[in-house]
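The residues making up each chain are set out below.
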Amino acid sequence: MVKLTFHGGVGEIGGNKILLEDENTSILLDFGKNFEKERRYYDEPYIKPREEKHLIYLGLLPKIEGLYKKDEREPSIDAILFTHPHADHVDYVRYVKDSIPLYCGETAKTMILAKEMSASGHLKEYKIARMTRDSVDVPKTFKTFRTGDKKRLGSIEIEPIHVDHSTPGAYAYILHTSGGTIVYTGDFRLHGPRAEMSREFVEKAKEASPEALIIEGTNIVDAKTATEKEVKEKISRIVSDAPRLVLAGFSLNDIDRLKTFYEVAKKNGRKLAMSMKQAYIVYRLREESFPIFRLNDPNILIFQREKRTTYKWEKEVIDNFSDNVATGRDINAMQGEVLLAASFYDMNEMVEILPESGSIYILSQSEPFNEEMEINHEKMLNWLERCGLPLYQVHASGHADPHQLKWAISEIGAKKVFTIHTERPRLMARYMSDLDTEIISPTEGEMYAVE
Ligand SMILES: [Zn+2]
């Protein structure tokens, strides 16, 4: 018998934390932060969780023996398996003991580390990776794989299979346990540039005749059906009509969207000015031969914000690609020739950039909930109003739509289906009720047996 306990991602989008116990082996599937729940109690930067005890007290972190840094007991968990590098699946690992092995894809590890090294705001002991004056410090124990690599962990055989999602390094898991096979989708889509990978996963999952399937249902409401190709065409039309500066906001993880904007810029005779953080991620991904584009490409600029301190990771980008670095003043002088990636957090830079009349803003990221960080829509609109920037919204989702979800469930053919990562599990259960399977909307913290 295998036991499943859902400690997050239940009736909500993100914050997945699933405990799987099989004979003497216990693993966690994802260990994400739930932005929505944290916001109920915190208001950063004025008040934020400093250490694990705060989040345990609020019920945002599950009580699991020996799991956290300040718990001196032996860990009761053998490993944590991550599906992909979005914060709502990964971020709370910072509170976990460094000795507990973390399984994820090669690319996912690169993304997690690049984002963490270029981020600030966490106490040193809770950083997943740090760049010091002369070294890179990664205290965590990563065990990486590529698709199809099988690994044994006690009584469980792990088979990661790549899927398409709005970040590179996304995997689903086929877990062969003593109580039969359990499949976990993580987040996935079937309309993206690599939809083939998700279809391959569905096929492999079906072949494994699973007892149980744990599936996401983000887009059971508000499904956006656009493909990345359609997004590209729409953005290109908007950009070709824009006489002056084009600004664009999209998720740091969304490398497909970054590539889309790069291609649109090039096609329209513009340069894509990306943020220093985006450049750092591209730089790191290229090192492990993940093809995007070259940072010294003549169609690329790296936008350097106006600030006093330059961190080591920034210096690395600046030193290597100094010819392509541009300041706000540089952008100001070439408004009709640039497509500038600028998020809400870059709005102070508008004082130097001074977008001229005829400039526009394209918002190209998810939905009110956000896997990375909720954009503060009201405040963003105030900035756009102040700068005279009209707002366009063009986006393609990282998640499967209702038809595709139903297709995946019926193809895989598991006896039990647990629906997570959705705000409407009951809707999802009713929509799936004609399928020949038991649909379960789990309750948080409750244990379910699979045998
Ligand atoms: Zn995700």
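Source: prediction; values computed, not measured. (Residues numbered from 1 in each chain as written. Predicted model: local features only at pLDDT ≥ 70, side-chain atom pairs only at ≥ 80, totals over all residues. Heavy atoms only, no water.)

(A) Structural context of the sheet that holds strand S5 (residues 102-105). The strand order across the open sheet formed by seven strands is S8-S5-S4-S3-S2-S1-S23, and the pairing between neighbours is mixed. Each end of this open sheet is capped by a strand with a single partner; those strands are strand S8 (142-145) and strand S23 (447-450). Within the sheet, the average angular offset between the axes of one strand and its neighbour, ignoring direction, is 25°. Helix H4 (residues 106-117) rests against S5 and S8 of the sheet, and its axis sits at about 105° to S5. (Pairing = 2+ DSSP bridges. Helix = DSSP H or I, 4+ residues; strand = E, 2+ residues; numbered from the N terminus. Axes fitted to C-alpha atoms, helices over the stretch in contact; angles between N-to-C directions. Contact = heavy atoms within 4.5 Å.)

(B) Broad picture of the environment of Ser 209. Mapped onto the elements, Ser 209 comes out in the loop between helix H5 (195-207) and strand S13 (212-216). Accessibility expressed as a relative area gives 53% for Ser 209, which makes it exposed. Residues Ser 209 and Val 183, 26 residues apart in the sequence, show an inter-C-alpha distance of 9.6 Å. (Buried < 20%, exposed > 50% of the residue type's maximum accessible area, 1.4 Å probe, protein only.)

(C) Structural context of the side chain of Asn 253. Looking at where Asn 253 falls in the secondary structure, it is placed in the loop between strand S14 (246-249) and helix H7 (255-267). Reaching out from Asn 253, the side chain makes a polar contact with the side chain of Lys 115 at a distance of 2.9 Å. (Polar contact = N/O pair within 3.5 Å; in protein donor to acceptor, adjacent residues only side chain to side chain.)

(D) Geometry of the pattern of salt bridges. Evaluation of the coordinates by the stated rule reveals 32 salt bridges. Across the salt bridge formed by Lys 69 and Asp 98, the nearest N and O atoms sit 3.2 Å from each other. One end of the pair, Lys 69, is in the loop between helix H2 (52-57) and strand S4 (79-81); the other, Asp 98, is in the loop between helix H3 (87-90) and S5, and 29 residues separate them in sequence. Each of the salt bridges in this network shares a partner with another, and the network as a whole consists of Asp 164, Arg 189, Arg 194 and Asp 256. (Salt bridge = Lys/Arg side-chain N within 4 Å of Asp/Glu carboxyl O.)

(E) Highlighting the sheet that holds S14. Spatial strand order, S17-S16-S15-S18-S14-S19-S20: seven strands in an open sheet with parallel pairing. Among the strands making up the open sheet, the edge pair consists of strand S17 (325-327) and strand S20 (391-393). Geometrically, the sheet is characterised by an average inter-axis angle of 30° between neighbouring strands, direction not taken into account. Contacts from H7 reach S14, strand S15 (271-275), strand S16 (300-304), strand S18 (338-341) and strand S19 (360-363), with the element oriented near 150° to S15. Those strands touched by helix H12 (residues 377-387) are S19 and S20, and its axis lies near 135° from that of S20.

(F) Layout of the side chain of Glu 38. In this fold, Glu 38 is placed in helix H1 (residues 35-41). Owing to a relative accessible area of 5%, Glu 38 belongs among the buried residues under this scheme. Of note is the side chain of Glu 38, whose polar atom sits 2.6 Å from the side chain of Tyr 92. Setting aside residues up to four positions removed in sequence, Glu 38 forms contacts with Lys 33, Glu 44, Pro 49, Leu 55, Leu 60 and Tyr 92.

(G) View of helix H9 (residues 312-320). Among the residues of H9, those classed as buried are Trp 313, Glu 314, Glu 316, Val 317 and Ile 318. Looking at the buried side of H9, the elements it contacts are H4, strand S6 (130-131), helix H8 (276-287), S16 and S17.

(H) Broad picture of the domain arrangement of the protein. As far as domains go, the protein holds domain 1 (2-222 + 399-450) and domain 2 (228-393). Put simply, the middle of domain 1 and the middle of domain 2, counted by C-alpha atoms, are 30 Å apart. Counting residues at the interface gives 35 residues for domain 1, matched by 22 residues for domain 2. Summed over both partners, the interface of domain 1 with domain 2 buries about 2400 Å², with 56% contributed by carbon and sulfur atoms. For the interface between domain 1 and domain 2, the tally reads two salt bridges. Along the contact surface separating domain 1 from domain 2 lie five residue pairs in polar contact (both at pLDDT 80 or more). Mapped onto the side of domain 1 that touches domain 2, the elements with two or more residues apiece are H1, H3 and H4. A total of seven residues in the side of domain 1 that touches domain 2 trace back to one element, the largest contributor, which is H4. Among the residues making up the side of domain 1 that touches domain 2, the classes are represented as 11 nonpolar, 12 polar and 12 charged. (Domains from an automatic or database assignment. Buried area = accessible area lost by both parts, 1.4 Å probe. Nonpolar A, V, L, I, M, F, W, Y, C, P; charged D, E, K, R; others polar.)

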